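For reference, the chains in residue letters:
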Amino acid sequence: MKKPSNKLFVTSDTFFGRKKAASDRGFNSIEEMNETMIEKWNDKVGENDIVIHLGNFAWSVNDADDVIDKLNGTILFALGEKDQAILQLAEEDESINIIKEHIVLQDDVVFCHYPMEVWPGKSSGKYHFHGHHKSNIKTDLKKMLRVNVCCDNWSLAPIGVQDTLDLLKDFQ
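The following paragraphs examine the structure supplied in this document. Computed from a predicted model, the values in this text were never measured in an experiment.

Considerations on the packing of aromatic side chains
Per the counting criterion, the structure on display carries 4 aromatic pairs. Plain terms: the ring middles of Phe-111 and Phe-129 are 5.9 Å apart, the flat faces sit at 90 degrees to each other, and that makes the pair edge-to-face. Of this pair, Phe-111 sits in strand β6 (residues 109–112) while Phe-129 sits in strand β7 (residues 127–130), placing them 18 residues apart in sequence. Residues Phe-111 and Phe-129 agree in their burial class; the two are buried. In this structure, Arg-18 packs its charged tip against the face of Phe-15, placed 5.1 Å from the ring centre. Of note, Arg-18 hangs over the ring of Trp-59, and the distance from its end group to the ring centre comes to 4.1 Å.

Written out as structure tokens, the structure is:
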């Protein structure tokens, strides 16, 4: 059993229930992908943790509904372009937390589904954590302090925000 930690995590583009995502990730079935990703999520995220999900959570309302209660932590959803399922589920379930703003600010990080070239605090060294599963949008800290948090880049699991910041600051 995990100890309560109240840590902040971030991820994106999980695409629970999407056949193409399962195939692209090397799984034999959607069920295998979903089960593996739920296990990886829960291995990292405790019940009292918070996860900012930066878009593209699940492929259908049924997939979202099947998965959401199996995941540890409180999830805050910043919407991506393929989040109709979580929006529809939120209409039926008021416990689902949708972030209305496209940009979420925290002390050292700006969160947004979309990768930006310019963001608040960029010139003062603020990081930009973004989603987007497109493989051509890579993290390159030599170019800018922008990190693609798509789960495909991070072993299909959320990443700890502070742990990641600490790691990134070692590279400066």
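Past the structure itself, the notes keep going.
Points about the pairing of β6
Residues Val-109 and Phe-111 of β6 are buried on one face, and the alternating residues Val-110 and Cys-112, pointing to the opposite face, are buried as well. In this structure, strand β5 (residues 104–105) lies alongside β6, joined through 2 bridges in antiparallel fashion. Bridge pairing in β6 links Leu-105 to Val-110. As consecutive antiparallel partners, β5 and β6 are separated by 3 residues. Where β6 meets β7, 4 bridges bridge the pair, whose relative direction is parallel.

Points about the sheet that holds β7
Spatially, β5-β6-β7-β8 is the arrangement adopted by the 4 strands of the open sheet, whose pairing is mixed. Both edges of this open sheet fall to β5 and β8 (146–148), since each of them pairs with a single strand only. Running over the sheet, helix α5 (residues 161–169) touches β6, β7 and β8 and is turned about 130 degrees from β7.

Brief notes about the environment of Val-147
One can find Val-147 in strand β8. Taking relative accessible area as the criterion, Val-147 reaches 1% and is therefore assigned buried. Taking the C-alpha atoms as reference points, Val-147 and Tyr-127, separated by 20 residues in sequence, lie 7.5 Å from one another.

Describing the side chain of His-128
By the element assignment, His-128 lies in strand β7. A residue is classified by how much of its surface remains accessible, and His-128, at 0% relative accessible area, is buried. At 3.3 Å, the side chain of His-128 and the backbone oxygen of Tyr-114 are in polar contact. Not counting residues within four places of it along the chain, the set of residues in contact with His-128 comprises Val-110, Cys-112, Tyr-114, Pro-115, Met-116, Trp-119, Leu-145, Arg-146 and Val-147.

Side note on the nonpolar core
In this structure, Phe-16, Phe-57, Ile-68, Leu-71, Phe-77, Ile-86 and Ile-96 are the most contacted members of the largest nonpolar core, which totals 28 residues. Where this core is concerned, the elements lending two or more residues are α1 (19–24), α2 (30–44), α3 (61–68), β3 (74–78) and α4 (84–92). With 4 residues, α2 is the largest single contributor of residues to this core. Not counting the four nearest positions on each side in its chain, Phe-16 is found in contact with Met-33, Asn-34, Met-37, Ile-38, Phe-57, Ala-58, Trp-59, Asp-63, Val-67 and Leu-71.

A short note on the pairing of strand β2 (residues 50–53)
In terms of strand pairing, strand β1 (residues 8–11) meets β2 through 4 bridges, oriented parallel. The residue bridging Val-10 from the neighbouring strand is Ile-52, located in β2. Note: β2 against β3, 4 bridges, orientation parallel. Opposite Ile-52, over in β3, you have Leu-76 as the bridge partner.

So, the pattern of salt bridges
Note that side chains of opposite charge can pair when their charged atoms are close. For the structure on display, the rule yields 4 salt bridges. The partner of Asp-24 in a salt bridge is Lys-20, and the shortest N-O contact between them spans 2.8 Å. Taken as a pair, Asp-24 and Lys-20 lie in helix α1 at a separation of 4 residues, close to a single helical turn. Overall, the relative accessible area of 57% leaves Asp-24 in the exposed class. Arg-146 serves as the salt-bridge partner of Glu-117, at 3.4 Å between the closest nitrogen and oxygen. Of this pair, Glu-117 sits in the loop between β6 and β7 while Arg-146 is found in strand β8, placing the two residues 29 residues apart along the sequence.

Scoring rules and cut-offs
- Residues numbered from 1 in each chain as written.
- Predicted model: local features only at pLDDT ≥ 70, side-chain atom pairs only at ≥ 80, totals over all residues.
- Heavy atoms only, no water.
- Phe/Tyr/Trp six-rings, centres within 6.5 Å; stacked < 30°, edge-to-face > 60°.
- Helix = DSSP H or I, 4+ residues; strand = E, 2+ residues; numbered from the N terminus.
- Buried < 20%, exposed > 50% of the residue type's maximum accessible area, 1.4 Å probe, protein only.
- Lys NZ or Arg CZ within 6 Å of the ring centre and 35° of its normal.
- Pairing = 2+ DSSP bridges.
- Contact = heavy atoms within 4.5 Å.
- Axes fitted to C-alpha atoms, helices over the stretch in contact; angles between N-to-C directions.
- Polar contact = N/O pair within 3.5 Å; in protein donor to acceptor, adjacent residues only side chain to side chain.
- Core = buried A, V, L, I, M, F, W, Y, C linked by side-chain atoms within 4.5 Å.
- Salt bridge = Lys/Arg side-chain N within 4 Å of Asp/Glu carboxyl O.

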